[in-house]
Amino acid sequence: FAQPGSLTTVIAVASGKGGVGKSSVTVNLALALAAQGRTVGVLDADIYGHSVPAMLGVADARPTAVEDMIMPVPTHGLKVISIGMLKPRRDQVVAWRGPILDRALTQMLADVYWGDLDYLLLDLPPGTGDVAISLGQKLPNAEVLVVTTPQTAAAEVAERAGTMASMLNQRVIGVVENMSYLELTCPHCGETHREEIFGAGGGADVARTLSARLGYPVPLLAQIPLDARLRASGDSGTPLVGTDPEQPAARVLADLAGTLARRGRSLLGRQLGLSPTGR
């Protein structure tokens, strides 16, 4: 994926702090890209807090080894790998430090047979620690999507995640504001209004600050409404984009996928120089 001629767009989904819905954005965005005809892989790089397998309904799945390669777990039209799939037991605690983390990331990138991907989405751990640094060194061509929530405390921390990516020479392609608002319908008059439970403007503030700090436009790409169904679908392993794509949160995520697909590179229709006969 780090080679100059790679046709795979690598997108690292980052956040400054936990609890902002980064993994929910990752899995639903992956499904939305796949629904648009893209071939998508998901690497759960949140070593200590891996939640992608459970959100995709494959928490107990184990990858298959073929000679020296590991086959990613197929689910929902995606190719998925997580450290949670490589542990002997689901409840086993990962207590690793820097060098072992680095080797684990190398294995999940280089020893997994991903095949030809249009997109590889990386679900990063929150913050600016060892994993973010290692991936920045291994994948300097990766693009970074910063997830935040509207409140000022989350926005200020999210700015650090974007700045960290820039220090590693990765390009920040945009900001996603999750839990942006709650849409309520009055039971008496039937009118709909938005309640900004967590405040307003955090995502726009992050985009504006990063644009000024990094020296290029960092847009606010999406504002995802607060929706209990988005949370419940992740808990059940059936992401909302796949099960109920007409819901407002699912539509916003699908629009985000469309925006990324229009600006990205695709393997669709490209000649890869491969032959089934090996000639």
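Residue positions are given per chain, counting from 1 as you read along its sequence in written order. The predicted nature of this model means local features are confined to residues of pLDDT at least 70 and side-chain atom pairs, given and counted, to a pLDDT of 80 or more, with totals for whole chains, interfaces and linings taken over all residues. Neither water nor hydrogens contribute to the side-chain values; these are computed over all heavy atoms in the structure.

Student: Just checking my understanding: could you explain the layout of surface pockets for this structure?
Tutor: Here the idea is plain: a probe the size of a water molecule rolls over the atoms and shows the empty space left. What the second largest pocket holds in volume is close to 190 Å³. Of the grid points, spaced at 1 Å and generated over the protein atoms alone, those admitting a 1.4 Å probe that cannot get out make up cavities, while open sets with protein on both sides within 12 Å along at least five of seven lines make up pockets; any residue with an atom within 4 Å of a point is treated as lining. Forming the boundary of the second largest pocket are 13 residues, of which Ser24, Asn178, Met179, Leu230 and Arg231 lie nearest the centre. A run of H or I in DSSP counts as a helix once it spans at least four residues, and a run of E counts as a strand once it spans at least two, with each numbered from the N terminus. Of the residues forming the lining of the second largest pocket, the biggest block, five residues, is contributed by helix α8 (residues 228–235). Ten residues, namely Ala, Val, Leu, Ile, Met, Phe, Trp, Tyr, Cys and Pro, are considered nonpolar, four, namely Asp, Glu, Lys and Arg, are considered charged, and the remaining ones, Gly among them, are considered polar. Of the residues in the lining of the second largest pocket, the class split is six nonpolar, four polar and three charged. Grid points are joined across faces, edges and corners, and a volume is the space filled by probe spheres set on the points.

Student: Is there a simple way to think about helix α6 (residues 152–167) in this case?
Tutor: The periodicity of an α-helix, 3.6 residues per turn, causes residues three or four positions apart to be oriented the same way. Over its 16 residues, α6 runs 23 Å from end to end, which matches the ideal 22 Å to within 8%, given 1.5 Å per residue. For each residue, the accessible area found with a 1.4 Å probe, counting protein chains only, is set against the maximum for its type, and the residue is called buried under 20%, exposed over 50%, and partly exposed in between. Among all positions in α6, only Ala154, Ala155, Val157, Ala158, Glu159, Ala161, Gly162, Thr163, Met164 and Ala165 are buried. By definition, residues are in contact when any of their heavy atoms lie within 4.5 Å. Where α6 is buried, its residues meet β1 (9–15), α5 (130–138), β8 (143–148), β9 (171–177) and α7 (202–214). One or two residues past the end of α6 sits asparagine 169, with phi positive at roughly 65 degrees. Working rule for helices: expected span equals 1.5 Å times residues minus one.

Student: Even after reading the chapter, I still don't get the packing of α6 against α7, so can you show me in this structure?
Tutor: For any two helices packed against each other, the geometry is given by the interaxial angle and the distance between the axes. Close contact between α6 and α7 brings their axes to 9 Å; oriented N to C, the two are set at 35 degrees. When the axes of α6 and α7 are compared, the crossing they make is right-handed. Across the interface between the two elements, Ala155, Ala158, Glu159, Gly162, Thr163 and Ser166 from α6 touch Gly202, Asp205, Val206, Thr209, Leu210, Arg213 and Leu214 from α7. Classifying every residue of the contact of α6 with α7 gives five nonpolar, five polar and three charged. Every axis in this analysis is a line fitted to C-alpha atoms, fitted for helices over the stretch in contact. Angles between the N-to-C directions lie between 0 and 180 degrees. Each helix crossing is assigned a hand: it is left-handed if the near helix lies turned anticlockwise from the far helix by less than a right angle, otherwise right-handed if that turn is clockwise.

Student: Honestly, empty space enclosed by the protein in this entry has me stumped. Any pointers?
Tutor: Using the criterion set out here, one finds one cavity of 30 Å³ or more in the structure. Lining the largest cavity are 14 residues, and of these Ala14, Leu124, Ala132, Ala161 and Ala165 sit closest to its centre. Each residue belonging to the lining of the largest cavity can be placed in one class, and the counts come to 10 nonpolar, four polar and no charged.

Student: Help me understand the side chain of glutamine 247, please; the structure alone is not making it clear to me.
Tutor: Within the element layout of this structure, glutamine 247 appears in the loop between α9 (240–243) and α10 (248–263). In this structure glutamine 247 touches Asp227, Arg229 and Leu240, once residues within four positions along its chain are discounted.

Student: Mind showing me how you'd approach the sheet that holds β9 here?
Tutor: Sheet strands pair by backbone hydrogen bonding; their relative direction is either parallel or antiparallel. By the convention used here, strands pair only if DSSP detects at least 2 bridges between them. Taken in spatial order, the eight strands line up as β5-β6-β2-β7-β1-β8-β9-β12 in an open sheet, and their pairing is mixed. Edge positions in the sheet fall to β5 (73–75) and β12 (220–223), since each of these pairs with one other strand and no more. Recorded for the sheet is a direction-independent mean angle of 25 degrees between the axes of neighbouring strands. Bridge analysis of strand β2 (residues 40–44) against strand β7 (residues 119–123) gives five bridges, and the strand direction is parallel. By the bridge assignment for β7, leucine 43 is matched with leucine 122. The sheet strands contacting helix α1 (residues 22–35) are β1, β2, β6 (78–82), β7, β8 and β9, and the helix crosses β7 at an angle near 170 degrees. Along the sheet face, α6 touches β1, β8 and β9 and points at about 170 degrees away from the line of β8.

Student: Honestly, the pattern of salt bridges in this entry has me stumped. Any pointers?
Tutor: Where charged atoms from two side chains of opposite charge approach closely, those side chains can pair. One speaks of a salt bridge when a side-chain nitrogen belonging to Lys or Arg is within 4 Å of a carboxyl oxygen belonging to Asp or Glu. Applying the stated criterion across every chain yields a total of seven salt bridges. Residues lysine 22 and aspartate 46 are paired through a salt bridge, measuring 3.9 Å at the closest nitrogen-oxygen approach. One end of the pair, lysine 22, is in helix α1; the other, aspartate 46, is in the loop between β2 and α2 (52–55), with 24 residues separating them in the sequence. A relative accessible area of 6% means that lysine 22 is categorised as buried. In this structure, aspartate 205 and arginine 208 form a salt bridge, with 2.4 Å as the shortest nitrogen-oxygen distance. Highlighted residues: aspartate 205 and arginine 208, both in helix α7, separated by three residues, approximately one helical turn.

Student: Even after reading the chapter, I still don't get the pairing of β8, so can you show me in this structure?
Tutor: For a regular strand, side-chain orientation follows a simple rule: the groups alternate between the two sheet faces. Where burial is concerned, most of β8 is hidden: six out of the six residues are buried. Here β8 shows a buried face lined by Glu143, Leu145 and Val147 and a second buried face lined by Val144, Val146 and Thr148. Of the pairings in the sheet, the one linking β1 to β8 comprises five bridges and is parallel in character. Counted as the bridge partner of alanine 12 is valine 144 from β8. Both β8 and β9 contribute to a ladder of six bridges, which runs parallel.

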